[in-house]
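# Close look at the chain arrangement
Listed below are the residues making up each chain.
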Amino acid sequence: MKRSLFISPLALCAMLFLLLGACKKDKVVDTAPPTLSAVTNLTDRNTALTSIGYGEWIVIKGTNLSTTYKVDFNGTLAKNSLIYGDDNTITVKIPAQLTDPINNPITVTTKYGTATLNFQIKQPPPTITGFDPAAGNPGDDMTINGNYFKGVTGVTINGANATVVSSTQTEIKVKVPTGVTYGAVVVTTPVGTVTTDKTFGLKHFIFDDALRNVWTNTSYSFTSLDLANSEIVRRGTTSIKVVHKAFSAVRFRLVAKLPMTGYAFVKLSMYGGAGTQGKKVRVSSSNLGVTSGTYDVILNEGKWTEYQIPLINIANPATIEYLTFQEFSGFASTIYIDDVGFY
């Protein structure tokens, strides 16, 4: 007589429990500290980099990285939301600003330890947005504005070394070198060199606290003109203050005429009084009343603006007898003028 095999549900559950328990292995937790071996970019993950710039995405290679919770770039932490990792790589965005201009080691911290990789993360090359004053004398203080000046290694004006008084990432204060009254301003950092698009100073002054080099005042049609104004001054102790009527002009004359060989720019600074924003001043040169060429500049209300006008923009005259700055918006206004001349 054949018997059927019957296993109760309770007995079946017990057997499955014993079977699964026998097959199950405890998960091994890797508690080894991390190691770091290389850095790549995201587009070529096989080629190790020797350096990279601020603010870039990178892949850090190594081992035991899956529990990473902190990536430190020479004291500046990456944001947690910008860290992605597995056991052998960490994808992370370098912060936009770091402590050092070039040497910024990477330290990774995991649940089981830390590791550091000496690596060059470089600030961008320096940039210059301007400098003040626009002209000056040896020994005067100058402020250069821009970005990425960390670790500045030198500043020159017309090729002469300027003494750096102080510097930050965005500002450098220097002394104008002995014997220098004009020239290009050059800033050098460990990452690169930048030259200003405008030059410092003037080769030939027309106005510098007073009329110079035998230039005379032949201005016309104004309401008032003060060549010794001390209210608003760009540099020194005085500037020119003109209260314009529509189309009146500040005009200077050199009877002997100035040969323009060796000069490339007309330079001046102007400060727009109330209501002058966007208004025009026409710059022109002439000889014996015959205008060589004209060029319009736009005023900025409430601040000094330096204008550097290529002589080619006023027809590149061979000589200049008259240099004129005429109100050209048909607008009664007050304008201040300082540091006028040629470079």
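Just so it is clear, the model here is predicted, and its values are computed rather than measured.

### What to know about the environment of A162
Along the chain, A162 falls in the loop between β14 (160-161) and β15 (163-167). Separated by 50 residues in the primary sequence, A162 and Y112 place their C-alpha atoms 51 Å from one another. Contacts of A162, omitting those with residues within four sequence positions, involve V155, T156, I157, V174, K175 and P177.

### As for the sheet that holds strand β23 (residues 249-259)
Across the sheet, which stays open at both edges, the five strands sit in the order β20-β23-β28-β25-β26 with antiparallel pairing between neighbours. At either end of the open sheet lies a strand with only one pairing partner, and these are β20 (216-217) and β26 (290-298). Of the strand pairs in this sheet, strand β25 (residues 280-287) and β26 are connected by eight bridges, and their pairing is antiparallel. Looking at the pairing, S285 lines up with G293 of β26.

### Here's the deal with the sheet that holds β15
Pairing within the open sheet is antiparallel, and its four strands lie in the order β11-β12-β16-β15. The open sheet terminates on both sides in strands that have one partner only, identified here as β11 (127-132) and β15. Across the sheet, the axes of successive neighbouring strands diverge by a mean angle of 25°, strand direction being ignored. As paired elements, strand β12 (residues 141-147) and strand β16 (residues 171-175) share five bridges and run antiparallel to each other. Residue D141 lies in a different strand from β16, and its bridge partner there is K175.

### Looking at the environment of K279
As for its placement among the helices and strands, K279 is situated in the loop between β24 (265-272) and β25. We classify K279 as partly exposed; its relative accessible area is 25%. The sequence separation of K279 and N300 amounts to 21 residues, and the corresponding C-alpha distance is 8.0 Å. Setting aside chain neighbours within four positions, we find K279 in contact with V297, I298, L299, S329 and F331.

### Here we look at the pairing of β15
Along a regular strand, successive side chains alternate from one face of the sheet to the other. Inspection of the sheet shows β15 paired to β16 by four bridges, in the antiparallel sense. Note on β16: the bridge partner recorded for S166 is K173. Between β15 and β16, which follow one another and run antiparallel, lie three residues.

Quick notes on the rules
- Residues numbered from 1 in each chain as written.
- Predicted model: local features only at pLDDT ≥ 70, side-chain atom pairs only at ≥ 80, totals over all residues.
- Heavy atoms only, no water.
- Helix = DSSP H or I, 4+ residues; strand = E, 2+ residues; numbered from the N terminus.
- Contact = heavy atoms within 4.5 Å.
- Pairing = 2+ DSSP bridges.
- Axes fitted to C-alpha atoms, helices over the stretch in contact; angles between N-to-C directions.
- Buried < 20%, exposed > 50% of the residue type's maximum accessible area, 1.4 Å probe, protein only.

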